[in-house]
Amino acid sequence: MHGKKRAEYKAQAQNPKIAAALEGKAEQWYTLMKELQHRRDNSNNATTTETMDENFNESTSAATTTLMMTLKLLEKALLVNPDPLNLWNHRREVLLTMMSNDDNDDPSETTKIHNDKYDKILETERGLTQAALQRNPKSYGTWFHRKWILQTIKPVVVEAILKEELALTTLFLSLDERNFHCWNYRRFVVACMAGNWNGDWDVPIHKNATTTETTTMTSTNKLMGPQVLPSKGTGWDSSTILPETLTHTIPQALLRSEFEFTANKIKDNFSNFSAFHYRSQLLDFVVLSDDDDYDDQEDSLLQEFQLIEDAICTEPDDQTAWWYHAILLDKLDGKLSPSVKMKVAEQADLFRELLEDSPDGGKWISLGLLRVLTLLDSKTGDDSILEQQALLRRLMTIDPDRMGRYQTMINQIEKKVE
Amino acid sequence: MVDVPNEINGLHCDANTDDKQQPTPNEQSTDDPPRDDEGLLLEYDTVICGTGLVQSILASALARAGKSVLHCDGSDLYGELDAVWSFETIEQLYDQYGQGKGNDEEISNSAVDKDIWSVPLSPKGGLSSLQFHSLHTVRYFGIETGTAVESRYGKGTVRSIERNQTINDDTFTLQLELSDWKLADQKSPVLYISVPSTVMDDSVHLEEHLHAVQNIRSTTTVQAEELMKLHRFFALDATPAFILASGPAVQGMIASNVADYLEFKAVEGLYWLEASQDNDKNFELSRVPCSKNDVFGTKLLAPMDKRRLMKFIQLSMDYATKMAVAEELEVEAMETEVEVLSLNERHLNQGRSLARPQNKAVATNDLQALEQHMEDGNLSFDEFLTQNYKLSPKLRSIVRYALAWETDPTSTSLATGMLILRRHLQALGRYGNTAFLCPMYGSGELSQAFCRSAAVFGATYLLRRAPLAVQYEEKLCDDSSKTVKGVILSGDTGSDEEIIKGKLVKCSNVVVPATALMTGTKSTCRIVRRLSILKGQVIPSENREQRYVVFIPPNTIGNSHAIHGALLDRSVAVSPFGCTLLHLTTTVENKNHDPDNILEHAKNAILTSKRLVNNKGDDVDSLVELYHVTFSHSLAQVSEEPSDLTNGIHICNHSGQTLTADVAFEQARSLFQTICPGMEFLGLSKSFDEAIQQRAREKRYDDDEKMMLESALSMIVDKSANSNKSAATTAAAAKDVAKREVLLDLRVSFCERASLATLDVT
């Protein structure tokens with residue numbers, strides 16, 4: 001609807017011909033919804049009563065045709081409007097019923113036929129979700145359904161399919177690099193690939209997890225599926241000894257190519273929280289990975305700092321890079337090699353210069369400088385404390401909404417000095 | 001491609017017969033106006049001399065406004081200096097306008113009596129100041145040790161060239177390893193060729209000799225010859241022009257629907273040539289940072305430089321947005337239409353190329369300061385950049401020459417600089433990475449398209465009939481002593497050898513190119529252009545397409561003015577595969593300057609420059625120039641316009657060294673407004689507009705929604721009908737299969753739509 005004048009668009013609806021057509025469509029949609037609701041109610045009742053039917057075989061074949069029909073109706077409805085979650089839920093119910101039927105009453109079927117059947121379902125669902133996503137690339141239900149079907153069916157030729165999925169997300173992200181649904185799905189696919197690498201399906205990668213056992217499914221896990229993410233709390237800690245088995249099973253090449261992918265997306269448009277977020281998750285595996293050559297690691301750290309500086313200097317008011325900066329400093333956790341330390345000190349100077357350049361603003365610059373100073377704190381001494389306090393006072397005037405927070409921070413510094 | 005002129009060629013052509021698409025507003029109804037034996041009207045509203053771009057746009061606008069227009073040109077192809085040339089045309093023109101030939105001052109126009117009632121015009125029209133400096137096709141690229149060659153025994157490589165040891169014998173021996181053959185020992189045979197020392201002075205001479213004696217040539221030479229044989233694939237623009245993605249040209253072409261005749265592609269990037277920091281003799285090409293991501297990604301600037309540049313660009317963007325809103329309000333006040341794009345919508349149009357983050361407000365103080373300075377007029381553009389934004393000299397020259405397209409080292413006024421910068425920024429983010437669109441099949445298509453549309457609206461076209469003079473008459477009722485009476489046209493031989501005499505065509509307005517006027521002082525300012533055909537691609541790109549603009553700031557290679565370069569290739573259908581056209585343009589003020597030399601330097605600097613983007617070497621090595629032509633023409637300045645001219649004579653200028661054709665549109669608009677005050681410029685007729693809207697409505701997107709719903713409902717109905725007769729299951733199944741196919745089709749249409757959407761985005 002971009003670039004179209006609202007008045008013009010509204011005037012179109014006034015046109016009796018168009019209005020009638022729209023109304024007709026709404027009418028059709030309601031009929032379809034009614035029919036589908038009816039079918040869903042019926043099947044819910046049927047599951048309780050129909051189980052002990054006499055003509056078992058005959059009724060199941062009839063039931064299957066009904067189910068197929070329902071699937072088709074749902075397909076059409078979802079292609080018109082992929083947003084209603086109840087339609088997707090209905091679809092999943094139908095699919096599960098069909099699959100459980102197959103499992104129960106076809107013991108004679110060879111596994112190959114069985115797999116073929118599942119592949120066919122997978123293919124249909126992938127086709128449907130893809131078409132639906134092309135209609136609305138930000139539909140929650142569709143993305144979830146796609147994850148669900150992959151996890152439920154666990155295809156046999158996993159690798160090829162997952163590669164296709166990865167390519168699909170690349171395509172979608174080339175059209176809209178800020179579609180967080182798609183980023184999320186991509187991380188799911190990568191986690192599946194990584195899990196698959198281990199010969200398993202469900203294992204989410206936890207860098208510092210102490211065992212390879214499947215972690216308990218948390219609510220996030222259920223909603224988002226497995227994700228590439230470092231385990232919480234420990235952060236970058238070289239003292240933690242990783243179990244040999246896990247470090248080697250993390251597919252480094254894949255993670256590296258993902259890291260590179262985020263770099264490219266950031267190059268296209270650096271105001272992209274999703275890309276930076278993913279990048280920060282991957283940092284632990286790629287830049288801060290323990291296997292790495294020490295020099296290499298230092299180099300890539302410096303590169304990250306350069307990336308942040310470029311973004312900040314281009315647009316200091318864009319929060320994205322500042323958040324990434326904060327995350328990176330957090331992950332460093334006070335452990336600075338001399339050259340990294342020098343870089344951080346240089347950054348302090350750059351931020352000071354930037355701050356001078358923006359006389360009546362610079363909230364994010366001040367916060368960034370504050371972070372850098374805190375990190376460097378141990379050695380620089382009193383001057384730094386004074387500067388930090390000045391910054392906080394400045395922040396209190398620029399950003400009065402968070403005055404209390406800044407006051408607390410000042411108090412903390414004072415306490416520390418004492 | 002280059003032959004479009006023939007479509008409305010001929011001695012004259014009332015183009016209604018040519019194109020039945022559109023009834024003319026002044027449709028020749030039952031009472032046809034009287035015509036002479038040639039079929040011309042006895043009197044025209046306007047006679048337009050020359051088919052340059054400005055004149056062509058004007059012709060189309062006037063014809064649409066219902067004026068009778070006669071458009072004539074002494075040449076036999078459209079476009080004057082805005083034409084697309086072929087090799088043959090260039091050769092003909094070189095014979096005519098080559099070095100030391102045909103200085104227009106010497107031409108006396110005997111056909112016309114000189115008196116106070118007539119102003120003579122140069123029969124060459126817009127081409128009268130054209131001069132060719134050089135024309136060269138490279139035939140041999142030279143043979144040295146290591147050169148790949150082709151001989152009558154197949155391909156090979158020169159292994160060595162050595163002087164023979166014997167004292168009496170002053171010859172060299174060239175060893176040629178024939179790689180197409182293998183001997184029993186798995187080595188290739190070696191051919192020994194004796195070469196006299198007289199041809200050893202340079203590699204080209206050697207190749208010439210070897211070609212004559214042994215039919216051995218270097219592979220590059222053979223490939224070059226193959227490429228040059230594809231002469232039909234070349235569209236050589238006399239004046240390469242881009243158009244701004246959002247500007248008067250786009251507006252004009254959309255409003256007039258002339259855009260239907262044309263195709264465009266977005267320019268991929270702007271590049272900047274500068275001397276390397278470590279060595280003045282080496283040059284580097286790097287991307288001009290003009291969008292936010294360019295600035296973010298560029299390695300050209302230090303972090304603080306990035307900050308300063310962004311700050312200035314964003315100020316300019318704020319200014320541009322403010323001015324655009326003001327303009328719109330003005331239009332609105334005139335048209336009493338209450339439709340203004342919201343600021344938000346405008347930002348969407350500009351994409352994310354420069355927009356600030358949502359939480360950041362416009363820097364009002366800075367904007368006010370800028371406007372104050374513009375009002376005062378006390379600062380030049382350069383001074384403003386230095387004083388108010390502390391931009392380094394390098395940043396300043398990037399802003400001035402690559403973003404505001406200045407050419408002269410003396411800076412323009414702040415107001416002019418900001419005006420052009422504003423135009424540039426407003427056009428960013430519409431299509432692709434840059435603000436420019438490039439016409440396919442050469443920029444000459446633009447003038448042809450407008451001539452065609454003028455013809456559709458009833459203008460009469462006469463080629464090979466040069467206007468020779470403008471005649472005046474006295475009008476007693478008027479204060480000013482003279483008004484235009486008509487134009488004297490030269491004669492010509494018709495197609496069937498019938499001789500057509502020159503004659504006077506009556507009219508009340510005449511449009512003539514400034515250069516055709518033989519009176520008035522000649523400008524010392526000349527536009528110099530060099531057109532090179534290169535083998536290979538200059539800027540390495542993933543899609544292997546070349547659509548780039550190159551800026552060379554003054555004093556980089558001894559150039560007094562900035563040089564603009566355009567790199568174009570097969571992707572816009574101006575060259576065959578494997579070739580890139582390099583257009584270089586500069587302005588020369590001093591005649592003593594050797595224009596040929598400067599652009600030769602510029603070409604060498606570009607070809608030998610280090611390109612910052614993934615330099616892979618292989619293409620760069622094989623980059624050679626196959627052909628070049630250098631020519632220049634004078635730039636008549638607006639101030640030279642004789643002010644004492646009579647009513648009814650209008651002067652147009654060639655756009656000179658401007659990158660975009662938008663200047664021509666503006667000139668045409670102002671001319672149009674003097675001839676037809678108060679009328680709409682390049683408007684589209686009502687009926688046409690309705691037809692287009694109808695077409696758009698028929699293509700409504702949600703039709704497939706309707707189809708989908710209908711098929712779903714039909715299934716429900718089917719089901720209730722079928723529930724009684726179970727026998728029909730097979731039929732239903734068959735039906736389902738059919739529907740499944742429909743569904744698949746729909747999916748395809750979904751995919752297509754998605755790709756359409758992508759196109760819209762890009």
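Residues numbered from 1 in each chain as written. Chains lettered and ligands numbered in written order. Predicted model: local features only at pLDDT ≥ 70, side-chain atom pairs only at ≥ 80, totals over all residues. Heavy atoms only, no water.

## Remarks on the overall build of chain B
For step 1, the next point in the chain: Regarding its fold elements, chain B presents 19 helices and 30 strands.
For step 2, the next point in the chain: Buried residues in chain B amount to 52% of all 762 residues.
For step 3, the next point in the chain: Intrachain contacts of chain B at a sequence separation of at least 6 include 70% that bridge at least 24 residues.
For step 4, the next point in the chain: A total of about 35000 Å² of accessible surface is found on chain B, and carbon and sulfur atoms cover 50% of it. (Helix = DSSP H or I, 4+ residues; strand = E, 2+ residues; numbered from the N terminus. Buried < 20%, exposed > 50% of the residue type's maximum accessible area, 1.4 Å probe, protein only. Contact = heavy atoms within 4.5 Å. Areas by Shrake-Rupley, 256 points an atom, 1.4 Å probe, with all protein chains shown as cover.)

## Digging into the overall build of chain A
For step 1, the next point in the chain: Per the secondary structure count, chain A includes 18 helices and zero strands.
For step 2, the next point in the chain: Of all 418 residues assigned to chain A, the portion counted as buried reaches 48%.
For step 3, the next point in the chain: Summarising the internal contacts of chain A: among those between residues at least 6 apart in sequence, 70% fall at separations of at least 24.
For step 4, the next point in the chain: Of the roughly 21200 Å² of accessible surface on chain A, a fraction of 55% belongs to carbon and sulfur atoms.

## Some thoughts on the confidence of the model for chain A
All names here are of chain A.
For step 1, the next point in the chain: Looking at chain A, the pLDDT average stands at 78 and 75% of residues meet or exceed 70.
For step 2, the next point in the chain: Mean pLDDT per element in chain A: helix 10 (residues 244-249) is the minimum at 46, and helix 14 (residues 319-332) is the maximum at 90.
For step 3, the next point in the chain: Taken together, the stretch residues 202-223 has pLDDT below 50 and engages in 44 contacts with residues farther than four places along the chain or on a different chain.
For step 4, the next point in the chain: Low pLDDT, under 50, characterises residues 230-248; the stretch is placed with 31 contacts to residues that sit more than four places away or in other chains. (pLDDT = per-residue confidence, 0-100.)

## Here we look at the sheet that holds strand 7 (residues 148-151) of chain B
Residues and elements named next belong to chain B.
For step 1, the next point in the chain: Pairing in this open sheet of five strands is antiparallel, and the strands run 10-9-8-7-11 from one edge to the other. Edge positions in the sheet fall to strand 10 (190-196) and strand 11 (217-218), since each of these pairs with one other strand and no more.
For step 2, the next point in the chain: With seven bridges joining them, strand 9 (residues 171-178) and strand 10 adopt antiparallel strand pairing. By the bridge assignment, Glu177 is partnered in strand 10 with Val190. (Pairing = 2+ DSSP bridges.)

## Describing the pattern of salt bridges
Oppositely charged side chains can form a pair if their charged atoms are brought close together.
For step 1, the next point in the chain: What the rule picks out here adds up to 37 salt bridges over all chains.
For step 2, the next point in the chain: When the shortest N-O distance is used, the salt bridge between Glu545 of chain B and Arg547 of chain B registers 2.8 Å.
For step 3, the next point in the chain: On the accessibility criterion, Arg547 of chain B (5% relative accessible area) is buried.
For step 4, the next point in the chain: If you follow the salt bridges from partner to partner, you end up with Arg126, Arg146, Glu164 and Glu165 of chain A in one network. (Salt bridge = Lys/Arg side-chain N within 4 Å of Asp/Glu carboxyl O.)

## What to know about the side chain of Ser380 of chain B
Residues and elements named next belong to chain B.
For step 1, the next point in the chain: Mapped onto the secondary structure, Ser380 falls in the loop between helix 9 (364-376) and helix 10 (381-389).
For step 2, the next point in the chain: The exposure class of Ser380 is buried, given its relative accessible area of 16%.
For step 3, the next point in the chain: Not counting the four nearest positions on each side in its chain, Ser380 is found in contact with Ser411, Thr412, Ser413 and Leu414.

## A short note on the packing of helix 5 (residues 248-256) of chain B against helix 16 (residues 662-675) of chain B
Residue and element names in this part refer to chain B.
For step 1, the next point in the chain: The interhelical angle for the contact between helix 5 and helix 16, taken along N-to-C directions, is 65°, at an axis separation of 8 Å. Comparing the axis directions of helix 5 and helix 16 gives the class roughly perpendicular. Along the contact surface, helix 5 presents Pro248, Ala249 and Met253, while helix 16 presents Asp662, Phe665, Glu666 and Arg669.
For step 2, the next point in the chain: Looking at side-chain class alone, the contact of helix 5 with helix 16 contains four nonpolar, no polar and three charged residues. (Axes fitted to C-alpha atoms, helices over the stretch in contact; angles between N-to-C directions. Parallel < 35°, antiparallel > 145°, perpendicular 65-115°, else oblique. Nonpolar A, V, L, I, M, F, W, Y, C, P; charged D, E, K, R; others polar.)

## Notes on helix 12 (residues 414-426) of chain B
For step 1, the next point in the chain: The end-to-end C-alpha distance of helix 12 of chain B is 18 Å, a good match for the 18 Å that 13 residues give at a rise of 1.5 Å each.
For step 2, the next point in the chain: Burial in helix 12 of chain B covers these residues: Leu414, Gly417, Met418, Leu421, Arg422, His424, Leu425 and Gln426 of chain B. (Expected span 1.5 Å × (residues − 1).)

## Topic: unusual backbone geometry
Residues and elements named next belong to chain B.
For step 1, the next point in the chain: Of note, the phi angle at Glu80 is positive, near 45°, even though the residue is not glycine.
For step 2, the next point in the chain: Note that Glu80 resides in the loop between strand 3 (69-73) and strand 4 (84-85).
For step 3, the next point in the chain: Phi angles above zero are rare outside glycine, and Lys390 is one such case at about 50°.

## Section: the pairing of strand 19 (residues 467-474) of chain B
Residues and elements named next belong to chain B.
For step 1, the next point in the chain: With six of its eight residues buried, strand 19 lies for the most part within the structure.
For step 2, the next point in the chain: Here three bridges tie strand 5 (residues 118-120) to strand 19, and the two strands are oriented antiparallel to one another. The residue bridging Ser118 from the neighbouring strand is Gln471, located in strand 19.
For step 3, the next point in the chain: Two elements, strand 19 and strand 20 (residues 482-489), share seven bridges in a ladder whose sense is antiparallel. The partner of Pro467 across the bridge, within strand 20, is Leu489.

## Let's talk about the packing of helix 12 (residues 273-283) of chain A against helix 14 of chain A
Residue and element names in this part refer to chain A.
For step 1, the next point in the chain: Where helix 12 contacts helix 14, the axes come no closer than 10 Å and their chain directions differ by 10°. Looking at the two axes, helix 12 sits roughly parallel to helix 14. Between helix 12 and helix 14, the contacting residues are Phe273, Phe276, Arg279, Ser280 and Leu283 on the first element and Gln319, Thr320, Trp323, Tyr324, Ile327, Leu328 and Lys331 on the second.
For step 2, the next point in the chain: Among the residues making up the contact of helix 12 with helix 14, the classes are represented as seven nonpolar, three polar and two charged.

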